[in-house]
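Structural description and commentary
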Number of protein chains: 2
Amino acid sequence: MVVDRLGTTFAALADPTRRAMVKRLTRGPESVHGLTEPFALSQQMISKHIAYLVRARIVIKTKRGRESVCTLRPEAIKAVSDWAGDYRRFWEESFDKLDVVLKEMKKQEAKDGRTHN
Amino acid sequence: MVVDRLGTTFAALADPTRRAMVKRLTRGPESVHGLTEPFALSQQMISKHIAYLVRARIVIKTKRGRESVCTLRPEAIKAVSDWAGDYRRFWEESFDKLDVVLKEMKKQEAKDGRTHN
DNA sequence: TCTATCCACAACCATATGGTAGTGGATTAG
DNA sequence: CTAATCCACTACCATATGGTTGTGGATAGA
């Protein structure tokens, strides 16, 4: 896997559990234990998932007493948004074309007097 | 892997080769052969990568003669954009807070008369 | 001090994926 | 018809990851 930074970010976000963690962390920092509760997964798996998020720089982990507190780094998610934003024009054009096609089809249907089903 | 639809999309986009393919496909549909040329990868690997993109519904493949033509589906990338957009408010708030912190630091520096380096 | 809690580390297994090599079907060009 | 091109399919290997189990360190609370 020749995975670059953005690729690591995408890979980390591919797992629904990790995306749920990210969502939860938007409410504020949370301990590993706090992140374990809603997920019905072992503490070890949660730690592993967090490790992936940390490696992708989506989350920062700091020790405070016997707890490890996880904090969300917004830059990583912004990078995803920026990447997708580059394709905005493409899909907007595509949807415009699709719109044209749909209108053509409707016209055709009107001529045919029925659909192709 | 309990990967849902969006997860499959993220996983497909984790590979830089596949993201490069997506970029190329914004210029219009392309045959498998056409996608092979710029990547210095075997035809088999390109086919595999395309298969992942197809499975994630990012690309549609249609046969035309002896060629398979790949076309980009903008909806999939829009889904990524929409996902990241949900976090927009979070990171904008975060950056505002960061801004405040930075200004506080500058004030402090002015008082100290020097930086902490 | 003693115990419970929070967490990390290691070993282990199954599966998905990145990558190579070989082959053969289908279509196009000569 | 024959050869070259485009592409899919299979087998094979190495590694990363999802997941479990067991364990032990460190801290907080009694």
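I will try to describe carefully the structure that is included in this document. Bear in mind that the values here come from a model prediction, so they are computed numbers and not experimental data.

1. Some details on the overall build of chain A
Assigned secondary structure in chain A consists of 6 helices and 3 strands. Traced from its N-terminal end to its C-terminal end, chain A shows the element sequence α-α-β-α-α-β-β-α-α. Expressed as a percentage of its 117 residues, the buried residues of chain A come to 37%. When contacts within chain A are restricted to residue pairs at least 6 apart in sequence, those whose partners lie at least 24 apart make up 51%.

2. Some details on the protein's contact with DNA strand D
Around DNA strand D, a shell composed of 24 residues is seen, among which Gln44(A), Lys48(A), Tyr52(A), His33(B) and Lys61(B) lie nearest. Of what DNA strand D places within 4 Å of the protein, 64% of the atoms are sugar or phosphate. Gln44(A) has a polar side-chain atom sitting 2.5 Å from a base oxygen of DNA strand D. Taking Tyr52(A), its side chain carries an N or O atom lying 3.4 Å from a phosphate oxygen of DNA strand D. Those elements giving two or more residues to the surface near DNA strand D turn out to be α4 (43–55) of chain A together with α3 (32–36), α4 (43–55) and β3 (67–72) of chain B. Across the surface near DNA strand D, the residue classes tally to 6 nonpolar, 10 polar and 8 charged.

3. What about the side chain of Thr9(A)?
Considering the arrangement of structural elements, one finds Thr9(A) in helix α1 (residues 5–13). If near-sequence neighbours (up to four positions away) are discounted, Thr9(A) is found in contact with Ala56(A), Ile58(A), Ala76(A) and Val80(A).

4. Thoughts on the pattern of salt bridges
All names here are of chain A. The full count for this structure, using the stated rule, is 8 salt bridges over all chains. We note a salt bridge from Arg24 to Glu30, for which the minimum N-O separation is 3.5 Å. Residue Glu75 pairs with Arg73 through a salt bridge whose shortest N-O separation is 3.7 Å. By relative accessible area, Arg73 is classed as partly exposed at 24%.

5. Concerning the sheet that holds β3(B)
Residue and element names in this part refer to chain B. With respect to topology, 3 strands assemble into an open sheet ordered β1-β3-β2, the strand pairing being antiparallel. Edge positions in the open sheet fall to β1 (30–31) and β2 (59–64), since each of these has one partner strand only. Sheet topology places β2 next to β3; 6 bridges connect them, and they run antiparallel. Directly across from Lys61, in β3, lies its bridge partner Cys70.

6. Some thoughts on the pairing of strand β3 (residues 67–72) of chain A
Residues and elements named next belong to chain A. For strand β1 (residues 30–31) and β3, the ladder comprises 2 bridges, and the chain directions are antiparallel. The residue bridging Glu30 from the neighbouring strand is Cys70, located in β3. Hairpin connection from strand β2 (residues 59–64) to β3: 2 residues lie between these consecutive antiparallel strands, with Gly65 at a positive phi of about 70°.

Thresholds, definitions, all that
- Residues numbered from 1 in each chain as written.
- Chains lettered and ligands numbered in written order.
- Predicted model: local features only at pLDDT ≥ 70, side-chain atom pairs only at ≥ 80, totals over all residues.
- Heavy atoms only, no water.
- Helix = DSSP H or I, 4+ residues; strand = E, 2+ residues; numbered from the N terminus.
- Buried < 20%, exposed > 50% of the residue type's maximum accessible area, 1.4 Å probe, protein only.
- Contact = heavy atoms within 4.5 Å.
- Near = heavy atom within 4 Å.
- Polar contact = N/O pair within 3.5 Å; in protein donor to acceptor, adjacent residues only side chain to side chain.
- Nonpolar A, V, L, I, M, F, W, Y, C, P; charged D, E, K, R; others polar.
- Salt bridge = Lys/Arg side-chain N within 4 Å of Asp/Glu carboxyl O.
- Pairing = 2+ DSSP bridges.

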